[in-house]
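Listed below, chain by chain, are the residues.
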Amino acid sequence: MAGRLSLPEVDLSCPICCDIFTEPVVLKCSHSFCAPCLHQYWRSGLSRDCPLCRRESMDEPVPSLTLRNLCESYVEDREEGEALRDAAGGLYCDPGDMCPLHGERLKLFCVRDQEPICVVCHTSRKHKQHECCPVSEAVLDVKEKMKSALSSLQDKREALEKTKKNCDEAVAVHLLQVQARFVEQRTHEEFEKLHAFLRAEEEARMQALKREEEQKSEAIVKKAEEINREITSLSESIGALEEELALEGISVLHVSMAPGALIDVAKYVGSLAFHVWEKMQKLVKYTPVTLDPNSAAPWLILSSDLTTVCDGDERQKLPDNPERYDPDTGVLGREGFVSGKHSWEVSVGNNSAWVVGVAKASVQRKDKVSSVMKNGYLCVYFYHKMYFAGTSPLTRLNPKRNPQKIRVLLDCDRGKLSFSDPDDNTHIYTFKHTITEMVFPYFWVGCQQCPLAVEPVEFSIKLDQYC
């Protein structure tokens, strides 16, 4: 590793493989790497950035001839040194084992001054009459102390690992509690909306019934008063006409209620639950894909209704469960598909970096791999202001305009996955790939300002008509 190397060798070592440079190249940011190491690093991710400073590098790296010559000279010098040690038959002495004052081997160890010395130092004024022992004995004593310290450190490490395990379990338990409370709160909020709607609908119907009751009661009272006035008038007329009854007949008078005088009961109670449910369409929304928070990378931020996702600026403390993406900033839909037709629309807006499509259930979620077809993904990309289809290698796409939404149409039975712009029904790309295992809606996002959002779909109540 780089930390074990001497300073000149560190300066001649690749930061990626930590070995002497092979085919050294230099980027515009002045950092150097082995050409094979750099290309392998770029192939493992979506971006062409510097592994040290993360500065994007769109130009090809330049070979460094000076650095290559220095590395070759260093390797030759190292090989010559090893050859000299072999030729000396093991008598070669490392400079660190020689006394810097007298040029003799450090064979003794001064117990008082706690330093290795040579036989000349032992007779000098500085170490005269000091207790000394052979270096080999001192090394044994130091090793015993190191073993004791190592054992103590190992015990501490085991204790810390046990503590860490307990902490991880506590984090998992805490997350379960947080998830349970979140579900309780969201469920209560959604049902409270429904309760509030029903209470308001009930109150509106009661008010309408009360108004109709008052109006029709008032109309009946007025009608009764009018009838009373007519009865009085008729009584007076009857007295005047009684004398003429023998001479002239009078038709019988019929008094009846006016049409619509009673409350329209059927209007209020007929199919009551259905009509209330019909009105609830304005309140209820349906999204065909619900994001799975247990698969979301720790950097991602999901909305409370699990329909939008954006990149965050700090890593959340979440358990490293098998379903979770880490380090890639990906998230899956909760429901997977293996048969039938399915479609959903994703609002991408002005998001600067996104991937939308489907992922097989068997994809690798713990390593940073490209979301391309050979890795189990069927997706379209938007990155560095360019559009791609996730083939191997990538296929460059040239849509007529920057789509604000992406429609995904999955036909599992026919093995087709199509992408289009729903605003003008423009086709973007179609994968033809046999679906042999469960696939899930997949979202990757690299933008904090603009989230990806699953669009709700319109629905209606349909009644069967019989003739």
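Residues numbered from 1 in each chain as written. Predicted model: local features only at pLDDT ≥ 70, side-chain atom pairs only at ≥ 80, totals over all residues. Heavy atoms only, no water.

Undergrad: Please explain the overall build of the protein as it appears in this structure.
TA: Secondary structure summary: the protein contains seven helices and 19 strands in total. Considering only residue pairs separated by 6 or more positions, the protein has 56% of its internal contacts joining residues 24 or more positions apart. (Helix = DSSP H or I, 4+ residues; strand = E, 2+ residues; numbered from the N terminus. Contact = heavy atoms within 4.5 Å.)

Undergrad: Sorry, what's going on with the pattern of salt bridges here?
TA: Here the structure, examined in full by the defined rule, presents 16 salt bridges. When the shortest N-O distance is used, the salt bridge between Arg181 and Glu184 registers 2.9 Å. Taken as a pair, Arg181 and Glu184 lie in helix α5 (residues 135–241) at a separation of three residues, close to a single helical turn. Residue classification places Arg181 among the partly exposed residues on the basis of a relative accessible area of 44%. (Salt bridge = Lys/Arg side-chain N within 4 Å of Asp/Glu carboxyl O. Buried < 20%, exposed > 50% of the residue type's maximum accessible area, 1.4 Å probe, protein only.)

Undergrad: Before we go on, may I ask you to explain the nonpolar core in this structure?
TA: The tendency in soluble globular proteins is for nonpolar side chains to be buried as a group. Judged by nonpolar contacts, the single largest core of 51 residues is most densely connected at Trp354, Tyr442, Phe443 and Leu452. Here this core takes seven residues from strand β12 (residues 377–383), the largest share from any one element. Here Tyr442 is in contact with Tyr325, Gly330, Val331, Leu332, Val355, Val356, Gly357, Val358, Ala359, Ser371, Tyr377 and Cys379, once residues within four sequence places are set aside. Core analysis: the second largest hydrophobic core is formed by 16 residues, Phe21, Leu27, Cys37 and Leu67 among them. (Core = buried A, V, L, I, M, F, W, Y, C linked by side-chain atoms within 4.5 Å.)

Undergrad: Help me out: how do you make sense of the sheet that holds strand β3 (residues 62–63) in this one?
TA: One key point about sheets: their strands pair by backbone hydrogen bonds, in either a parallel or an antiparallel sense. As summarised here, the arrangement of the three strands in space is β2-β1-β3, forming an open sheet in which the pairing is antiparallel. The outermost strands of the open sheet, each flanked by one partner alone, are β2 (32–34) and β3. Where strand β1 (residues 24–26) and β2 come together, three bridges link them in antiparallel fashion. Bridging across to β2, Val25 finds its partner in Phe33. The sheet strands contacting helix α2 (residues 35–43) are β1 and β2, and the helix crosses β2 at an angle near 90°. (Pairing = 2+ DSSP bridges. Axes fitted to C-alpha atoms, helices over the stretch in contact; angles between N-to-C directions.)

Undergrad: Before we go on, may I ask you to explain unusual backbone geometry in this structure?
TA: Residue Pro327 follows Asp326 across a cis peptide bond; omega there is 20°. Take Pro327: it is sitting in the loop between β8 (308–311) and β9 (330–332). That bond from Ser392 to Pro393 is cis: its omega, 0°, falls within 30 degrees of zero. Within the secondary structure, Pro393 is located in the loop between β13 (386–389) and β14 (395–397). Backbone geometry places Lys385, a non-glycine residue, at a positive phi of 60°. In this structure, Lys385 sits in the loop between β12 and β13.

Undergrad: For this particular structure, what's the right way to read the packing of aromatic side chains?
TA: Here a ring pair, both rings aromatic, is described through the centre-centre distance and the interplanar angle of the planes. For the structure shown, the criterion picks out nine aromatic pairs. The rings of Tyr325, Tyr377 and Tyr442 are connected pair by pair, giving a single aromatic cluster. (Phe/Tyr/Trp six-rings, centres within 6.5 Å; stacked < 30°, edge-to-face > 60°.)

Undergrad: Explanation requested: the side chain of Asp421 in the structure shown.
TA: Take Asp421: it is sitting in strand β16 (residues 416–421). Residue classification places Asp421 among the buried positions, given a relative accessible area of 3%. Once residues within four sequence positions are removed from consideration, Asp421 is found in contact with Arg401, Pro403, Lys405, Thr426 and Ile428.

Undergrad: Mind showing me how you'd approach the environment of Lys126 here?
TA: Looking at the element boundaries, Lys126 is found in the loop between α4 (119–123) and β6 (132–134). Note on Lys126: relative accessible area 56%, which makes it exposed. For the pair Lys126 and Asp113, spaced 13 residues apart in sequence, the C-alpha to C-alpha distance is 9.6 Å. When sequence neighbours within four positions are dropped, the list of residues in contact with Lys126 reads Asp113 and Glu115.

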